[in-house]
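Given next are the chains, with one letter for each unit.
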Amino acid sequence: MPVNSRKDSPSTLRRVATPGSRAADPTVAPEHPPESGPTPPSRATRRRVGSLELAVAGITALLLAQRLTGGWTAPAWMQTWTTVFVAICVQALPFLLFGTVLSAAIAAFVPASFLQRALPRNPLLAVPVAGVAGVVLPGCECASVPVADRLIARGVAPAAALAFLLSSPAINPVVLAATAVAFRGHPEMVLARFLASLGTAVVMGLLWERFGRPEWLRPKVRRDVPPGSGRFAVFRATLEHDLLHAGGFLVIGGITAATLNVLVPRAVLKGAAGLPAVSVLVLALLAVVLAVCSEADAFVAASLSVFPPAARLAFMVIGPMVDTKLIALQAGTFGRAFAWRFSAATFLVAIAASALIGWWLL
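The shown structure was predicted, so the numbers you read here are calculated from the model rather than taken from an experiment.

So, how was this worked out
- Numbers given for residues are sequential positions, taken from 1 along each chain in its written order.
- A pLDDT threshold of at least 70 governs which residues receive local features in this predicted model, and a stricter bar of 80 or more applies before side-chain atom pairs are shown or counted, although totals over entire chains, interfaces and linings include all residues.
- The basis for every side-chain value is the complete set of non-hydrogen atoms in the structure, without hydrogens or water.
- Strands here are runs of E lasting at least two residues and helices are runs of H or I lasting at least four, both read from the DSSP assignment and numbered beginning at the N terminus.
- Only protein chains enter the accessibility calculation, which uses a 1.4 Å probe. A residue is then buried if its area is under 20% of the maximum for its type, exposed if over 50%, and partly exposed in between.
- Throughout, a residue-residue contact means that at least one pair of heavy atoms, one from each residue, lies within 4.5 Å.
- Whether two aromatic rings pair depends on their centres lying within 6.5 Å, for rings of Phe, Tyr and Trp, where Trp uses its six-membered ring; planes under 30 degrees apart make the pair stacked, over 60 edge-to-face, and the rest tilted.
- The patches described consist of residues with a relative accessible area above 30% and no salt bridge, like charges being joined within 9 Å and nonpolar side chains (Val, Leu, Ile, Met, Phe, Trp, Tyr) within 5 Å.
- Throughout, the Shrake-Rupley method with a 1.4 Å probe supplies accessible areas, and for residues the shown protein chains are the sole cover considered.
- Each reported salt bridge corresponds to a side-chain nitrogen of Lys or Arg within 4 Å of a carboxyl oxygen of Asp or Glu.
- Fitting a line to C-alpha atoms yields each axis, with helices limited to the stretch in contact; the angle taken between N-to-C directions then spans 0 to 180 degrees.
- Here the word oblique covers every angle except those under 35 degrees (roughly parallel), over 145 (roughly antiparallel) and from 65 to 115 (roughly perpendicular).
- Helix crossings get a hand from a simple test, with the near helix turned counterclockwise from the far one by less than a right angle marking a left-handed crossing and a clockwise turn marking a right-handed one.
- Three classes are used, and their members are as follows: Ala, Val, Leu, Ile, Met, Phe, Trp, Tyr, Cys and Pro are nonpolar, Asp, Glu, Lys and Arg are charged, and the others, Gly among them, are polar.
- The definition of a nonpolar core used throughout is a set of buried Ala, Val, Leu, Ile, Met, Phe, Trp, Tyr and Cys residues joined through side-chain atoms within 4.5 Å.
- To be clear, the arc concerns the directions from the helix axis to the C-beta atoms.

Would you mind going over the overall build of the chain in detail, with residue names and values included?
What the chain contains, in helices and strands, is 17 helices and zero strands. Per-residue burial for the chain yields a buried fraction of 44% across its 362 residues. For the chain, the proportion of contacts with a sequence separation of at least 24, taken over those separated by at least 6, is 81%.

Next up, the structure:
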């Protein structure tokens, strides 16, 4: 019969195996499965050691090495490097976990239509609303990056999501309360931090809306969840992917911050404290280098009493928005082209906002 000959012809079999055809789709079972042995596991199904596991193993090894070699005194620079690296990773990991849990919850349980309706359609209104919404996320900058990435993936305008990314680690209640405790008796410092941080976030969101290019914001490659999976399966897969991905770049940022912390001479800081214009820039650069979590940077700023108030304000405004570990997290999530441009522009805007608000209130 012509039909049977067409069905069993070699050309048809070759056409079935052609890449891009329906039969080549791994989700469609072939009509005649091969009789060979079991198919080896694909690259996507192999379990590989993630960067977060390596980070945890490295931190544990450092702690054990310090305990086991108690009789051996390491060089001072090595002790400082180890202390800073472990402190940054241990301090940031809980907030990173909080951010990835919130990111996974948004992906699994929050409809995209809800997020799109929650913000005004006009970007000039959506950016300030998103900036003020940063008050609701009690976390540091490590938590804000995966949340902003998930908001963009769920249909929120990038300008609004980036305004939220900058404001949430700087104006949330935990950070403002810590600032009030660190600067006891100086409520103007809390108000100055709130205004300068919110102003920087809103200005950067508007600048992105006006000058940002889509090719700078490279979307992160995500692991697809099989169709028909339940919400908890989506939550688990998203949490695992985001945590392992962001954890690796947190380690890179911690290594960079620890290395720069060792290399920066302390005498340079003391000499610059007496110059008002230079002191703002010095503490701004120090905030980038030290990469202190936003819940603790107010206490560091309060301890730098030799510097003027405006310089200490710049330290607290810039730290949660631009630091070594945050640049690494942004580069890993949104791409290096975005991270360098956005971080440089944020640094300049934050310095200008700190100087202006500091001159007005402090």
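Moving on, there is more to tell.
I'd like a rundown of the packing of aromatic side chains, residues and numbers included.
Counted by the stated rule, this structure contains six aromatic pairs. Ring geometry for phenylalanine 109 versus phenylalanine 232: centroids 5.6 Å apart, planes at 70°, classification edge-to-face. Remark: phenylalanine 232 occurs in helix α11 (residues 231-263) and phenylalanine 109 occurs in helix α4 (residues 76-109); sequence separation between them is 123 residues. The partly exposed category is assigned to phenylalanine 109, whose relative accessible area is 33%. A relative accessible area of 65% places phenylalanine 232 in the exposed class. Put simply, the rings of Trp208, Trp216, Phe334, Phe338 and Phe342 touch in pairs and so form one group of aromatic residues.

Give a description of a nonpolar patch on the surface that names residues and reports values.
Taken together, the side chains of Leu191, Leu195, Leu356, Trp359 and Trp360 define a hydrophobic patch exposed on the protein surface, amounting to about 620 Å² of accessible area. Among the secondary structure elements, those contributing two or more residues to the nonpolar patch are α10 (187-211) and α17 (336-361). It is α17 that provides the largest number of residues to the nonpolar patch, a total of three residues. Summarising the element assignment, leucine 191 is placed in helix α10.

Which residues make up the packing of α10 against α17, and what are the values?
Two measures define how a pair of helices packs: the angle their axes make with one another and the distance between the axes. Between α10 and α17, the shortest axis-to-axis distance is 9 Å and the interhelical angle comes to 140°. Taken together, α10 and α17 sit at an angle that is classed as oblique. Judged by the twist between their axes, the crossing of α10 over α17 is right-handed. In contact with Glu188, Leu191, Ala192, Leu195, Ala196, Thr200, Val203, Met204, Leu207 and Trp208 of α10, α17 contributes Phe338, Phe342, Ala345, Thr346, Val349, Ala350, Ala353, Ser354, Ile357, Trp360 and Leu361. Its residues assigned to classes, the contact of α10 with α17 shows 17 nonpolar, three polar and one charged.

Outline the pattern of salt bridges, listing residues and values.
Applying the stated criterion to the full structure yields two salt bridges. Aspartate 297 is the salt-bridge partner of arginine 193, the closest N and O atoms lying 2.9 Å from each other. Of this pair, arginine 193 sits in helix α10 while aspartate 297 sits in helix α14 (residues 297-303), and the two are 104 residues apart along the sequence. For the pair arginine 193 and aspartate 297, one class covers both residues: buried. Residue lysine 325 pairs with aspartate 323 through a salt bridge whose shortest N-O separation is 3.3 Å. Here the two residues lysine 325 and aspartate 323 agree in accessibility, since each one is buried.

Explain the environment of alanine 161 to me, and be specific about the residues and the numbers.
Note that alanine 161 resides in helix α8 (residues 158-171). Residues within four places of alanine 161 in sequence aside, it is in contact with Ala148, Leu151, Ile152 and Val156.

Which residues make up helix α15 (residues 309-318), and what values do they have?
Within α15, nine of the 10 residues are buried, which leaves it mostly tucked inside the rest of the structure. Among the residues of α15, Ala310, Ala311, Arg312, Leu313, Ala314, Phe315, Met316, Val317 and Ile318 are the ones counted as buried. Structurally, α15 contributes buried residues whose contacts are with α9 (173-182), α10, α13 (276-290), α14 and α17.

I'd like a rundown of the nonpolar core, residues and numbers included.
One finds Phe315, Met316 and Ile318 to be the most contacted residues of the largest nonpolar core, which totals 60 residues. Broken down by secondary-structure element, the contributors of at least two residues to this core are α7 (141-153), α8, α10, α13, α14, α15, α16 (324-334) and α17. Discounting residues that sit within four places of it in the chain, methionine 316 has contacts with Thr179, Phe183, Met189, Arg193, Asp297, Ala298 and Ala301. Listed in part, the 10 residues of the second largest apolar core include Ile106, Ala130, Ala160 and Phe164.

A description of the packing of helix α6 (residues 123-133) against α8 should follow, citing residues and the corresponding values.
In contact at an axis separation of 7 Å, α6 and α8 are set at 30° when each is read in the N-to-C sense. Classed by the angle they form, the pair α6 and α8 counts as roughly parallel. Crossing angle aside, the handedness with which α6 passes α8 is right-handed. Contacts from Ala126, Val127, Ala130, Gly131 and Ala133 of α6 reach α8 at Ala159, Ala160, Ala163, Phe164, Ser167 and Ile171. Considered class by class, the residues forming the contact of α6 with α8 number nine nonpolar, two polar and no charged.

Talk me through α6; I want residue IDs and the actual numbers.
Each α-helix winds once per 3.6 residues, and so residues spaced three or four apart point in a common direction. Looking only at α6, the buried set comprises Ala126, Val127, Ala130 and Gly131. Buried residues of α6 fall within an arc of 130° about the axis and therefore sit on the same side. Away from its buried face, by an angle of more than 90 degrees, α6 presents the exposed residues Leu124 and Leu125. Looking at the buried side of α6, the elements it contacts are α8 and α10.

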